[in-house]
Structures are given as C-alpha cells and as structure tokens.
Amino acid sequence: MRLRIRTKLIASFMVIVLLMIVLAFYVVVVSRKTLQESVGKSSIFLADETMTRIDQSIYLRLEDLQRQTKDLLLQKTVLGSNAASESLSDVNNDLSNDLKETFIQFYERKYGIRIFAEILVTDEYGATIAQTGSSTDYKQDDKEWWQAARASGFSVSDVAYDERTGIHGIVMGIRIDDEEGNFIGVMKAVVASDDIIREAETATTEYETTAVRLMTTDGRVIYGTKAYAFLEDVSGEEFFEQIEGSSGYFVAKGRGRERLFSYARSKGYKSYAGFGWILVVGHDTREVLRPALVLTNRIVTASIISILFGVLAAFFISRSISKPVVEVRNAAEELARGNLDKRVAVTSSDEIGELADSFNEMAGKLSESYTGLEEKVRERTEELEKANLQLQVQIIERKKAAAEIRKLNEELEQRVSQRTAELVTVNKELEAFSYSVSHDLRAPLRAIDGFSRMLEEDYVGKIDGEGRRRLKVIQDSTQDMGKLIDNLLEFSRMGRKELKTWRIDMDCLAREVGEELRLSIPERKVELKIKQLPPAFGDRAMIREVFANLLSNAFKFTRPRDKALVEILGWVEGKEATYSVTDNGVGFDMRYREKLFQVFQRLHGATEFPGTGIGLALVQRIIQRHGGRVWAESKLDKGTTFYFTLANEKEKVDG
Amino acid sequence: MDEKNVAENAVEILLVEDNPRDAELTLRALKKSNLANKVYVVEDGEKALNYIFANGDYAHRNMAHAPKVILLDLKLPKVDGLEVLRKIKADERTRTIPVVVLTSSREERDMVESYKLGVNSYIVKPVDFDKFLDSVGELGLYWLLLNQRPA
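S.K.: Tell me what's going on with the overall build of chain A, and back it up with residues and numbers.
M.R.: Counting secondary structure elements, chain A contains 14 helices and 18 strands. Here chain A holds 655 residues, and the buried ones make up 40% of them. Counted over contacts in chain A with a minimum sequence separation of 6, partners at least 24 positions apart contribute 64%. Carbon and sulfur atoms make up 55% of the accessible area of chain A, which amounts to about 37,500 Å² in all.

Written as structure tokens, this is what we have:
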C-alpha cells in the first residue's frame, strides 16, 4: 500500500491520540468505579450504624422493661395475685397507675413522644393483673409473646398494627422472676414505631438526592425519607431483588433514575437477635458520581482539543517535510526528463535541507558528467563508425578471399581427383608391367640358361675350355638377371601391397630371422646378440623382410672379420619404438649415405659383396609405408648401425 | 611338334605350353627322368580343352583315356590357363584329373586364384636350368608313379 508522508504522519498522530483517548476513558471508568465504591461503602457504613442504633434502642427498651419487672410494687402485686390464685377483678389498681405514671408518661415527657403505647402485666397463670390501657382479654397465657417470654426470658415481635392501642408498634414480652429467679409472671409492652423511626431519621448525608428506607425483612416499609405508606410492600421493586446478605451496594433504577443503593441488615444487639430489618440508603448516581462525570467531560474536551491539535500539527509537520521532498522529487523527475540544470531551492538546515543540498550536488555532478559523457559518446560513436567501416571493408575482403580459397580448393580437389585417377591408371599399368616382367622376362632367361646348358651337355667334346668359360659367363649372367628381376618385383610389390597391421613381437621376429639366416649360411660364424626388443605395430611379413635385409647385410659385410658381431637393440620413446642393427663390418663412407637407400645404388663392389642394390631401398620403402624413419650411421672399417622406427601403439599406423 | 607326340590315347602327361623353348626344356627334363615318351604337348588353351573334352580336332578321342596329369601354363593364347583349369575342375568327368600349374608367374593373385579353382600343385619355373630339371623331374615322378587316384 502506498501512502503519502502526510497521510502517514496524520495516521500516526491519530493513533497516538486514539491511545490517549482510550487511556482517558479507562481512567474515567476506573475513577467512576472507585468513586461508586467509596460512596457505596460509606453509605453501607451509615446504614449499618443506623441499624445498630435502632437495634440498640429496641434493646434499651427491653432493658428498661426488665428493670421494671424488679419493681417492688410489681413484684408484690404479681406474687399476691399468684398467691391468691385468682385474678384481680379490677386492674385499675396501684400497679397500673404506677406503670402509667412512672413508665409511659415518664418517657413521653422525656422524649416528647409516646414510646410505650401500653404496658400489661400477668401473673404466672397468664391472668392480667395490671394494664395501662383498656383490656378485654383476661387470660393472656395463650398469646405468643406470653409463651415465648416465659420460655426464653423475653420476646419481641416484628412491627405490626396494634389494634388495642391503635398504633404501629413492636410487642415485647418480659418474663417476671422473683428474687430467687423463679417465674412469677409476664410483662407486655407495646413500643411505638415512632421511637424506632426517630433513630432512622438520624441517617443523613451531604447529598441532596439521598433517600433512606427502613424495611422489614419481607420488604414492608417501616420508615422512609420520601413519602410512604406504613408497612407498604415494596418487595416487588427492582432494587429489592438485589439485596443479598448482611450488607452491600449496587446500582439500579429507582424513581425513574439510576441510583446507587447501599444497605445493611439488622444484626441485633446483645441478647436481642433483631428482626433482619433492612436499612437502604439510596442516592442518584448523577449526584454522587458527579466528580467522575466532571472528569469525563474534561477528558473528552481535552481529547477533542488534542485530536484537533494533533491533526493540525501532523498536517503542518507533514507539509513541512513533504513539500521539500516533493520539490526534490519533481526536480528529480525533471532531471530524468533531461533538464540537467534543475536545482532545488530549500533553505532549511535539517535533513531535508541536506537532502536538497545533496540533490543539487548530485544534479551538478550529473550535469557535468553528462556533458563529458556526451562528448565521449560522440567521440566513441565516431570511432565506432570508423571501425565499423573498416570492418565492413575487411569483411568484404575476407569474403573475397574466402571465395578465392573456395575456388582454389575446388580446383585443388579437381586436380587431386584428376591426379588420383591418373595415379590409379599408372598403378594399373605398373601392375600389368610387373606382371609381364614377372612372366615374360623370365622365359627368355630360362631359355638362355637352359639351352646353354644343353649345349654344354650335348656338345661336350666339341667345345674347348674357352668356349666352356664363355658358356659359364652366359649362365652366371642369366642367374644374376633372374635375381634382379625377382628383387625388382619384390620391391614394386612392397609398394602396392596392402598393410596388415598387427602387434608384432619384435624380439621373437628378430630371433626367428636371425636363426633362418644362420641356417642358410652355416659356414659363417657370426655372434648375434638380440637384447629384449619392445613390441611394435605393423605388417609382420613386411617387417620380417626388413630384418631379413638388414641382418643379411650385416652378415654379408662382416665376412672379412675374424670375429663377426651383430647386435640388435630396441627402445621406446613416447609412442615410438626405435630398433637398431649394429655390425662390426666394413662400414661405408658417410659421404655416400644419401645413395644408401636408393634402388640399384651399391657402395661396394659386386664381386666383393654381391647384391642387387635393392635390399635397403626395400627396407626404406617398408618403413616409410609404416610411417617410420630409417637411417644409418657408419665408420669405414669400423662398422655400421641401421636404425628404424615403428609405432609402439596401434593408432599411429595408418598404412 | 605333333610328330614328337606319342599316340593320343596312351598319353600320361598333357603339357599345355605356348612357348616352344619352354616346352623343349620341359620335355628334356622329363626325358631325363625317362618320362618324355608319354607326353603330349598342346600350344594353346583351346587345343587343351578340345583334347581333354574330345572336341574339335580331337573329337575322335575317347574321353575315358584321361592323362595322368596335366602340366598347365597360365599365360596362353586364345583361352588362358586359369580358364582351362576352371573348365576341367567344373566338369564331373575331368575333375579328378590332377592339374599342375607350371608357370613363370610368381604373382600371388594367380596362385590364389589357381588354388581356389582346385589346382593340385602350383610350381614356379626356376630360371636356373638345374633347378628346372629337378623340379620337373620330381613332379613327373610324383604324379605318375607315387600318386594314386580313383580308377
């Protein structure tokens, strides 16, 4: 998502303000709750205290009554009644008067209100023996208060309307004991509710909306600061349902408003257990929580102000940041469009100012380098164009040259095929020639030899010595001619024969040839040394011919030696094997070494060392056909060494 | 040379040789081994075939009287030696007649071809007369006296 700086800044400000507002409302909620708690608790305290006072006042009345039971007159009257075991027909006796006088009227005078509405005294049988009001019932022992008082010392009944006195009040029953603590009678008193209400009236607060309500445990109103009907049932109201346990506070609707209610239940006082009355103190929350409301209002106001201020600040700050940035951007765009003179006018000395300065510097350098660059580009373009032109010229030349080469090649190929054809023809002719030489040249020779022999045999007596010598010359010449033809044919055949290349055990081959040669001239004593020759690749039959020629030469030219020595060596260098055949024969003059391998060239006399002059030419031809070299080193009268090389590995031989 | 030839049916050696000097030398060599009077000489391939298969000039001949051995030169007028050899060896009736090629050619080609066609021997005529005498004498003795063949 792409956002402008301004938007981003405003958004961040808003986030901060929002956080502040959330915090403020949290404070408001907490303070409201705290305030509510504090008011609620103090109201509970008030209710509890008031309730205790009410219980205390009820207990005080009980105490007053108990004290009254010890009154001498009362004791005497009760005991008298018990002793008489008959009821007093007239209760308008001294006791009644005394009670009326000293008790009811005394309190009326003391508090200004009527506290005890009626006092009634019975003997141990329940018979009324004194009363302050008019009495209709003679026997009281069937009454609840009577039985309860006799059983447990006293009894207190919940507030109710007393028909006899015509007031709302509490009925108290007090057991009357004699000095030994024996039950002698019961005293009844009706305590007016006004006395109790008086205590409730003391429950006041500083709040205007405070309302106090005293209720019986089942929800009937005994007292209220607002208008109420006595013993009006309010248990159906909303707030009443929330009263639980001995005390507490809560917020509920009351009188159409939201109110904070605190309540406390009567716990009794000393031996008086209490009725479980409930005192409720209510306030309008609007009033009691006003400080919190004020705080809320202030916070809301402050929040609104800070939001406005924040937005404005964000707007202006972003404006102050983005404006120069936008300017730089616009300048950069213009720069990109090619206006290299564009500069930014920013005067601020913060990072934005530095940015602008850097931008201006960059633009300046760009402009400078661009100018330089344009110059260079122009120069280079010119150079390139020149070079291009040269290159095109070269390309044309190359093409021309290539075409020429192609043409020459074609011509060459044509010539080669022409030559090849010619060579094939020549070769065929040569073949035919050698065939006829082989066949036809020999026939006349045979005839010459044969017929001269026949002449010799058949005309034995008619030919003299000289004649026989001459016949012999004819015969010898014929022999020579025969050999010559054979060798020449062999030589020509070697040139044409197909090479059959195999791995040759050179050591074995040399020994084989040497042995054969030795057997063919048993009269020669020659020491032949062969030193473990490396194998080679070639045509075995042809290489055999090489060894045969070189060895027979070595044997031939060592004939004058008493101790003829022939040695064959071999070694490998790289892919090439070299072999040497050394003799200690007559040797030759190195000046003539060029002629050595030529056909019919002989370096020695035919009578001394007979030969056709073809052997070495044949050797050379064979070795050359194998792709090898052959050469000789010699010293006159010392001996000769022939060297030849062959491939030591298969691929080098191609025939 | 016909006058020198023996009766056609008593021939033991048929010599096919166009060169009269070689033929004379051969005859002399055979003579030395006392075999000359049983030799019949023809000077070209055609005559040789006519003689063997009793055709043409030799139509009167009985083919059953085959020579004991045929000495055959390769280079012959009209029909050459290899052709004569092929025809002899291709025919049931003549296949068993031993044929010895007696030639000046040392060419391997000729030798291989002759053996392929079923020649019984291949002898190169030596230039040296002594050797020639020995060779011819030995082959005559061998094929006429030592060699046995089915009747």
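S.K.: Go over unusual backbone geometry with me, naming the residues and quoting the values.
M.R.: All names here are of chain B. Look at alanine 54: it is not a glycine, yet its phi comes out positive at around 50°. Structurally, the position occupied by alanine 54 is in the loop between helix H2 (45–52) and strand E3 (69–72). In this model, lysine 78 sits at a positive phi of 65°, which is unusual for a non-glycine residue. Along the chain, lysine 78 falls in the loop between E3 and helix H3 (81–90). We classify lysine 78 as exposed; its relative accessible area is 64%.

S.K.: Could you give an account of the environment of leucine 65 of chain A, with specific residues and numbers?
M.R.: Residue and element names in this part refer to chain A. By secondary structure assignment, the location of leucine 65 is in helix H1 (residues 5–69). For the pair formed by leucine 65 and phenylalanine 103, sequence separation is 38 residues and the distance between their alpha carbons is 9.1 Å. Not counting the four nearest positions on each side in its chain, leucine 65 is found in contact with Phe103, Phe116, Ile119, Met172, Ile174, Met187 and Ala189.

S.K.: So what about a nonpolar patch on the surface? Which residues, and what values?
M.R.: The grouping of Leu23, Tyr26, Val27, Val30 and Leu295 of chain A at the surface amounts to a nonpolar patch, some 450 Å² of accessible area in total. For valine 30 of chain A, the position within the fold is in helix H1.

S.K.: Pulling in residues and values, what's your account of the sheet that holds strand E9 (residues 247–254) of chain A?
M.R.: Residue and element names in this part refer to chain A. In space, the 5 strands of this open sheet follow the order E8-E7-E11-E10-E9, with antiparallel pairing throughout. Only two strands of the sheet have a single partner each, and these edge strands are strand E8 (221–224) and E9. Between one strand and the next, the sheet's axes are offset by a mean angle of 25°, whatever the strand orientation. Across 7 bridges, strand E10 (residues 257–265) lies against strand E11 (residues 278–284) in antiparallel orientation. Looking at E11, one finds that phenylalanine 261 is bridged to glycine 282. With respect to the sheet, H1 is in contact with strand E7 (211–215), E9, E10 and E11, its orientation differing from that of E10 by roughly 40°.

S.K.: How would you summarise the pattern of salt bridges if you had to cite specific residues and measurements?
M.R.: All names here are of chain A. This structure, assessed with the given rule, holds 47 salt bridges over all chains. As a salt-bridge pair, aspartate 64 and arginine 67 come within 3.3 Å of each other at their nearest N and O atoms. Of the two residues, aspartate 64 and arginine 67 are both situated in helix H1; the distance of 3 residues between them amounts to about one turn of the helix.

S.K.: Go over the sheet that holds E3 of chain B with me, naming the residues and quoting the values.
M.R.: All names here are of chain B. Within the open sheet, the 5 strands sit side by side as E2-E1-E3-E4-E5. Their pairing is parallel. A strand with exactly one partner marks an edge of an open sheet, and here the two such strands are strand E2 (39–42) and strand E5 (121–124). On average, each strand axis in the sheet is tilted by 20° relative to the strand beside it, whichever way the strands run. Sheet analysis places E3 next to strand E4 (residues 99–103), joined by 3 bridges and oriented parallel. Residue pairing across strands places leucine 71 opposite valine 100, the latter belonging to E4. Contacting strand E1 (13–16), E3, E4 and E5, helix H5 (residues 129–146) crosses the sheet at an angle of about 175° to E4.

S.K.: Outline a positive patch on the surface, supporting the account with residue identities and numerical values.
M.R.: Residue and element names in this part refer to chain A. A contiguous patch of positive charge, built from Arg4, Arg6, Arg319 and Lys323, is present on the exposed surface. Tracing the sequence through the fold places arginine 319 in helix H8 (residues 290–337). What makes arginine 319 partly exposed here is its relative accessible area of 39%.

S.K.: Lay out the packing of helix H12 (residues 540–557) of chain A against helix H14 (residues 615–625) of chain A with the relevant residues and their values.
M.R.: Residue and element names in this part refer to chain A. For the pair H12 and H14, interaxial distance at closest approach is 9 Å and the crossing angle is 145°. For H12 against H14, the interelement crossing comes out left-handed. Along its contact with H12, which presents Met542, Ile543, Glu545, Val546, Asn549, Leu550 and Asn553, the element H14 presents Gly615, Leu616, Leu618, Val619, Ile622, Ile623 and Arg625.

S.K.: Can you explain the packing of aromatic side chains? Please cite residues and give values.
M.R.: All names here are of chain A. Applying the stated criterion to the full structure yields 18 aromatic pairs over all chains. Pairing phenylalanine 547 with phenylalanine 644 gives two aromatic rings, centres 5.7 Å apart and planes at 75°, and the pair type is edge-to-face. Highlighted residues: phenylalanine 547 in helix H12 and phenylalanine 644 in strand E18 (residues 639–647), separated in sequence by 97 residues. Phenylalanine 547 sits in the buried class, given a relative accessible area of 0%.

S.K.: Run through the side chain of aspartate 162 of chain A, naming residues and quoting values.
M.R.: By secondary structure assignment, the location of aspartate 162 of chain A is in strand E4 (residues 160–162). If near-sequence neighbours (up to four positions away) are discounted, aspartate 162 of chain A is found in contact with Ile167, Val171 and Val190 of chain A.

S.K.: Outline the pairing of E11 of chain A, supporting the account with residue identities and numerical values.
M.R.: Residue and element names in this part refer to chain A. For E11, the tally of buried residues reaches 7 of 7 residues, placing the bulk of the element in the interior. Neither face of E11 is open: one carries Ile278, Val280, Gly282 and Asp284, the other Leu279, Val281 and His283, and all of them are buried. Bridge count between E7 and E11: 5 bridges; the pairing is antiparallel. Bridging from a neighbouring strand, valine 212 pairs with valine 281 of E11.

S.K.: A description of the interface of chain B and chain A should follow, citing residues and the corresponding values.
M.R.: Counting residues at the interface gives 23 residues for chain B, matched by 22 residues for chain A. Both sides of the chain B and chain A interface together cover about 2,200 Å² of buried area, and 49% of this is carbon and sulfur. Viewed at the interface, chain A and chain B are joined by 5 salt bridges. Here arginine 28 of chain B makes a salt bridge to glutamate 457 of chain A, at a shortest N to O gap of 2.7 Å. Between chain B and chain A we count 10 residue pairs in polar contact (both at pLDDT 80 or more) in total.

S.K.: Tell me what's going on with the pairing of E18 of chain A, and back it up with residues and numbers.
M.R.: Residues and elements named next belong to chain A. The element E18 is extensively covered by neighbouring structure, given that 9 of its 9 residues are classed as buried. Of the two faces of E18, the one holding Gly639, Thr641, Tyr643, Thr645 and Ala647 and the one holding Thr640, Phe642, Phe644 and Leu646 are both buried throughout. Note that strand E17 (residues 630–635) and E18 share 6 bridges and pair antiparallel. Across the sheet, residue glutamate 633 finds its bridge partner in E18, namely threonine 641. Where E17 hands over to E18, the hairpin turn is made up of 3 residues, of which aspartate 637 adopts a positive phi near 65°.

S.K.: Describe a negative patch on the surface, listing the residues and the values that go with them.
M.R.: There is a patch of like negative charges on the surface, built from Asp350, Glu351, Glu354 and Asp357 of chain A. Topologically, aspartate 357 of chain A is positioned in helix H9 (residues 351–458).

S.K.: Please give an account of helix H10 (residues 465–496) of chain A that cites residues and values.
M.R.: A rise of 1.5 Å per residue sets the reference length of H10 of chain A, with its 32 residues, at 46 Å; its end C-alpha atoms lie 47 Å apart and thus fit the reference within 8%. Taken as a whole, H10 of chain A has its buried residues at Leu471, Gln475, Thr478, Gly482, Ile485, Leu489, Phe491, Ser492 and Met494 of chain A.

S.K.: Which residues make up the packing of H3 of chain B against helix H4 (residues 108–117) of chain B, and what values do they have?
M.R.: Residue and element names in this part refer to chain B. With their axes 9 Å apart at the nearest point, H3 and H4 run at an angle of 15° to one another. Judged on the interaxial angle alone, H4 and H3 are roughly parallel. Crossing angle aside, the handedness with which H3 passes H4 is right-handed. Here Leu82, Leu85, Arg86 and Lys89 of H3 lie close against H4, whose contacting residues are Asp110, Glu113, Ser114 and Leu117. Partitioned by chemical class, the residues of the contact of H3 with H4 number 3 nonpolar, 1 polar and 4 charged.

Conventions we followed
Residues numbered from 1 in each chain as written. Chains lettered and ligands numbered in written order. Predicted model: local features only at pLDDT ≥ 70, side-chain atom pairs only at ≥ 80, totals over all residues. Heavy atoms only, no water. Helix = DSSP H or I, 4+ residues; strand = E, 2+ residues; numbered from the N terminus. Buried < 20%, exposed > 50% of the residue type's maximum accessible area, 1.4 Å probe, protein only. Contact = heavy atoms within 4.5 Å. Areas by Shrake-Rupley, 256 points an atom, 1.4 Å probe, with all protein chains shown as cover. Patch = residues over 30% accessible without salt bridge, like charges linked within 9 Å, V, L, I, M, F, W, Y side chains within 5 Å. Salt bridge = Lys/Arg side-chain N within 4 Å of Asp/Glu carboxyl O. Pairing = 2+ DSSP bridges. Axes fitted to C-alpha atoms, helices over the stretch in contact; angles between N-to-C directions. Lys, Arg positive; Asp, Glu negative; His and termini not counted. Charge placed at Lys NZ, Arg CZ, Asp CG, Glu CD. Left-handed = near helix turned anticlockwise from the far one by under 90°. Phe/Tyr/Trp six-rings, centres within 6.5 Å; stacked < 30°, edge-to-face > 60°. Buried area = accessible area lost by both parts, 1.4 Å probe. Polar contact = N/O pair within 3.5 Å; in protein donor to acceptor, adjacent residues only side chain to side chain. Expected span 1.5 Å × (residues − 1). Parallel < 35°, antiparallel > 145°, perpendicular 65-115°, else oblique. Nonpolar A, V, L, I, M, F, W, Y, C, P; charged D, E, K, R; others polar.

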